[in-house]
Amino acid sequence: VVFSSAWCCGHPDDPAWCHAREAAVPAAKRRRLTLEAWVARLKPLLGRDAFFVCADRVGVEALALLGGGRTEGETLFCGSSCVVSLREPRVVAALGASEEGVLVTDVPVARRRGGSAPGGENA
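Residues numbered from 1 in each chain as written. Predicted model: local features only at pLDDT ≥ 70, side-chain atom pairs only at ≥ 80, totals over all residues. Heavy atoms only, no water.

Draft legend 1. Up close: the overall build of the protein. Secondary structure summary: the protein contains two helices and six strands in total. In the protein, the succession of helices and strands from N to C terminus is β-α-α-β-β-β-β-β. Buried residues in the protein amount to 28% of all 123 residues. Within the protein, residue pairs in contact and separated by at least 24 positions form 57% of the contacts whose partners lie at least 6 positions apart. For the protein, the exposed area adds up to about 7900 Å²; of that, 54% sits on carbon and sulfur atoms. (Helix = DSSP H or I, 4+ residues; strand = E, 2+ residues; numbered from the N terminus. Buried < 20%, exposed > 50% of the residue type's maximum accessible area, 1.4 Å probe, protein only. Contact = heavy atoms within 4.5 Å. Areas by Shrake-Rupley, 256 points an atom, 1.4 Å probe, with all protein chains shown as cover.)

Printed below as a string of structure tokens:
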């Protein structure tokens, strides 16, 4: 499962005090809560030989840029880009809630019946 996201710590329509409250949560706790939320949503896939790969936006942006008529306040993006094995589940690799970067990790690719890897005869 590949997921490109701009997950916010609070909804852009939430009052400003909600955004301030979310911004006060320590980054390590925000990361844990975000990963737990994603794994909970993937519950139907848990136990399968699959991976969840997420590229999530990080940082702060003015609410005015997100539309909806807001002119004040900011929203905080959750960050926490990750690769999660859905079999166990377990985090294979992850960036922090406020960490910008490129996450690179290896995941095993299952062989198709007949011995070939997806994408070619001997890939």
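Draft legend 2. Examining the side chain of Ser81 more closely. Of note, Ser81 is situated in the loop between strand 4 (74-78) and strand 5 (82-85). Residue class for Ser81 comes out buried when judged on its relative accessible area of 12%. Of the polar contacts made by the side chain of Ser81, one reaches the backbone nitrogen of Asp56; its length is 2.8 Å. Among all residues touching Ser81, those that are not within four sequence positions of it are Cys54, Ala55, Asp56, Ala94, Leu95 and Leu103. (Polar contact = N/O pair within 3.5 Å; in protein donor to acceptor, adjacent residues only side chain to side chain.)

Draft legend 3. Representation of the sheet that holds strand 2 (residues 51-56) in the model. The strand order 1-2-5-6 describes an open sheet built from four strands, whose pairing is mixed. Edge strands, defined here as strands with exactly one partner in the open sheet, are strand 1 (2-5) and strand 6 (90-94). On average, each strand axis in the sheet is tilted by 20 degrees relative to the strand beside it, whichever way the strands run. (Pairing = 2+ DSSP bridges. Axes fitted to C-alpha atoms, helices over the stretch in contact; angles between N-to-C directions.)

Draft legend 4. Quick look at the environment of Arg31. As for its position among the elements, Arg31 is in helix 2 (residues 27-41). Between the C-alpha atoms of Arg31 and Ala94, which are 63 residues apart in sequence, the distance is 9.3 Å.

Draft legend 5. Here's a closer look at the pattern of salt bridges. Tallied over the entire structure, the rule returns four salt bridges. Residues Arg32 and Glu36 are paired through a salt bridge, measuring 3.2 Å at the closest nitrogen-oxygen approach. One end of the pair is Arg32 and the other is Glu36, both in helix 2 and four residues apart, which spans about a single turn. With a relative accessible area of 41%, Arg32 lands in the partly exposed category. The salt bridge involving Arg57 is made with Glu61; its shortest N-O contact spans 2.2 Å. (Salt bridge = Lys/Arg side-chain N within 4 Å of Asp/Glu carboxyl O.)

Draft legend 6. Region of interest: helix 2. Counted at 1.5 Å a residue, the expected span for helix 2 with its 15 residues is 21 Å, and the 21 Å between its end C-alpha atoms agrees. Residues Arg30, Thr34, Leu35 and Trp38 constitute the buried set of helix 2. Buried residues of helix 2 fall within an arc of 125 degrees about the axis and therefore sit on the same side. Of the exposed residues in helix 2, the ones pointing more than 90 degrees away from its buried face are Ala28 and Ala40. (Expected span 1.5 Å × (residues − 1). Arc of directions from axis to C-beta.)

Draft legend 7. Summary view of the packing of aromatic side chains. The full count for this structure, using the stated rule, is five aromatic pairs. Put simply, the rings of Phe3, Trp7, Trp38 and Phe52 touch in pairs and so form one group of aromatic residues. (Phe/Tyr/Trp six-rings, centres within 6.5 Å; stacked < 30°, edge-to-face > 60°.)

Draft legend 8. Summary view of the state of the cysteines. Inspection of every chain in the model, using the stated rule, returns zero disulfides. Take Cys54: it sits in no disulfide, and the sulfur closest to it among the cysteines is that of Cys82, at 5.1 Å. Note on Cys54: relative accessible area 4%, which makes it buried. (Disulfide = S-S within 2.5 Å.)

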